[in-house]
Amino acid sequence: MRNRIVCLGIESTAHTFGVGLAAAGKAKTAISAPAAAKNGMRRKILANVIKQFTTKSGGIIPAQAAEHHVEVCDKAITEALAAAKIAMHDIDIVSFSQGPGIGHCLRVGAAAARTLSLVHKKPLIGVNHCISHLEIGKLYVSGANTQVIAFEAGKYRIFGETLDMGVGNMLDQFARQIGIGFPGGSQIMRLAAKAAAKGGKYIELPYVVKGMDVSFGGILTNIKRKYDSGSYSKEDLCYSLQETVFAMLVEVAERALAHTGKSELLLGGGVACNTRLQEMCGVMCEERGAKLFVPERQFLVDNAAMIAWLGILEYLKGTRTPVEKSAIRPYWRTDEV
Ligand code: FE2
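Here we summarise the structure given alongside this text. Here the structure is a predicted model, which means the values were calculated and not measured. (Residues numbered from 1 in each chain as written. Predicted model: local features only at pLDDT ≥ 70, side-chain atom pairs only at ≥ 80, totals over all residues. Heavy atoms only, no water.)

## A closer look at the overall build of the protein chain
Item 1. When its secondary structure is counted, the protein chain shows 11 helices and 12 strands.
Item 2. For 337 residues, the compact-globule formula gives about 20 Å, and the C-alpha radius of gyration of the protein chain, at 20 Å, lands near that figure.
Item 3. Across its three principal axes, the protein chain shows a C-alpha extent of roughly 65 × 45 × 35 Å.
Item 4. The buried share of the protein chain, reckoned over its 337 residues, is 53%.
Item 5. Across the protein chain, contacts joining residues at least 24 apart in sequence account for 75% of those joining residues at least 6 apart.
Item 6. Side-chain charges in the protein chain split into 40 positive and 30 negative, and the spacing between the mean points of these groups amounts to 5 Å. (Helix = DSSP H or I, 4+ residues; strand = E, 2+ residues; numbered from the N terminus. Rg over C-alpha atoms; globule rule 2.2 N^0.38 Å. Buried < 20%, exposed > 50% of the residue type's maximum accessible area, 1.4 Å probe, protein only. Contact = heavy atoms within 4.5 Å. Lys, Arg positive; Asp, Glu negative; His and termini not counted. Charge placed at Lys NZ, Arg CZ, Asp CG, Glu CD.)

Printed below as a string of structure tokens:
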């Protein structure tokens, strides 16, 4: 085996079509699975090309997003290889997001990965999108998935999750309802910050934590009614929404830390870009003497560098996805991996 393993990863679970290149290896010694398991393994992201499908009003139309992914597919692959200054023959493995995600979108990435794997005779590896967001995951907050995950006894386990929609989807839906566009989360953050600068007028909203789980559907209905009544400003509503749902997430994350006895919290997913959520998690961690980790933005949002990186880890553990078993898994759960 070569000293370096390079993986081309493809992400296409929802809005984003991405192509990432990750490399792992040691300068002079060959890589083995145990070597990879050690933290000392050198890793490098060689490219992270992100192409996003957007609509004027926000939201996603699956068939159109899939069409977008088909259109940008070749270009994204070419751009990623050019950015890394390598060619297909330098690639050792091809990985792709096998799930969870939107079927229309997943199919495009899976087809592209299968083709590259067959044409260039490279092993194919289907990886779980949620797990790719994290190496040792504690908190996962994003569009369609909201989960508190801990790595316990050799497996990712879900300690708490949303009972209905993901927090990111909820924020996007509210943003769309009040006409502030896409991506909804960052627009809400901007308006909330305006309200906070004026002292922050908190409007009471339902707070829905059930054991270790959270639920956002009722909050969305409630806040929409408040908006429709015309008695509240967009800024105050956004501020109150963030304060409420982030407090719920922080509460569940704190309980997971207490329960598992862990002392580190890692944020992942698009919503983790929100500086208010980061701040609230920071306060909680400081109070408990825990450490907070927030990856760089390009690795928080949906991207393929994380798919490529997980591809390498899975490869070194012996995972292979034969083409006949490479069907997409739109409902693939984190704890099934
Ligand atoms: Fe994601």
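## Here we look at the packing of aromatic side chains
How two aromatic rings sit relative to each other is set out by the distance from centre to centre and by the angle between their planes.
Item 1. Taken as a whole, this structure holds 1 aromatic pair when the rule is applied.
Item 2. Summarising the aromatic geometry, the rings of Phe151 and Tyr156 are spaced 4.9 Å apart at their centres and angled 70 degrees between planes, so their arrangement reads as edge-to-face.
Item 3. For Tyr156, a relative accessible area of 12% corresponds to the buried category. (Phe/Tyr/Trp six-rings, centres within 6.5 Å; stacked < 30°, edge-to-face > 60°.)

## Some details on the coordination of the iron ion
When a metal carries six donors in an octahedron, the ideal angles between them are 90 or 180 degrees, while four donors in a tetrahedron ideally lie at 109.5 degrees.
Item 1. For the iron ion, the full set of protein donor atoms is His129 (NE2), His133 (NE2) and Asp302 (OD), at a range of 2.1 to 2.3 Å.
Item 2. Mapped onto the sequence, the donors of the iron ion take the spacing H-x3-H-x168-D. Of this pair, His129 sits in helix H4 (residues 129-132) while Asp302 is found in the loop between helix H10 (297-300) and helix H11 (305-316), placing the two residues 173 residues apart along the sequence.
Item 3. In this structure His129 comes out as buried when scored by relative accessible area, which is 3%. (Donors = N, O, S within 2.8 Å, 3.2 Å for Na, K, Ca; no water.)

## Section: the sheet that holds strand S1 (residues 4-11)
Item 1. Across the sheet, 5 strands lie side by side as S3-S2-S1-S4-S5; this open sheet has mixed pairing. Each of the sheet's edge strands pairs with one partner strand only, and the pair in question is strand S3 (42-52) and strand S5 (124-128). Strand after strand, the sheet turns through a mean of 20 degrees between neighbouring axes, direction not considered.
Item 2. Where S1 lies against strand S4 (residues 93-99), 4 bridges are found, and the strand directions are parallel. Considered in S4, the bridge of Gly9 is made with Ser95.
Item 3. Of the strands in this sheet, S1, strand S2 (16-25) and S3 touch helix H2 (residues 62-84), which is tilted by about 145 degrees from S3.
Item 4. Sitting on the sheet, helix H3 (residues 103-120) touches S1, S2, S4 and S5, and the angle it makes with S4 is about 160 degrees. (Pairing = 2+ DSSP bridges. Axes fitted to C-alpha atoms, helices over the stretch in contact; angles between N-to-C directions.)

## With respect to helix H9 (residues 275-288)
Item 1. With 14 residues, H9 ought to run about 20 Å at 1.5 Å a step, and its terminal C-alpha atoms sit 20 Å apart, in line with that.
Item 2. All buried positions along H9 are accounted for by Leu277, Met280, Cys281, Met284 and Cys285. End-on, the buried residues of H9 take up no more than an arc of 135 degrees, which puts them together on one face. What points out from H9, more than 90 degrees from its buried face, is the exposed set Glu286 and Glu287.
Item 3. One or two residues past the end of H9 sits Gly289, with phi positive at roughly 70 degrees. (Expected span 1.5 Å × (residues − 1). Arc of directions from axis to C-beta.)

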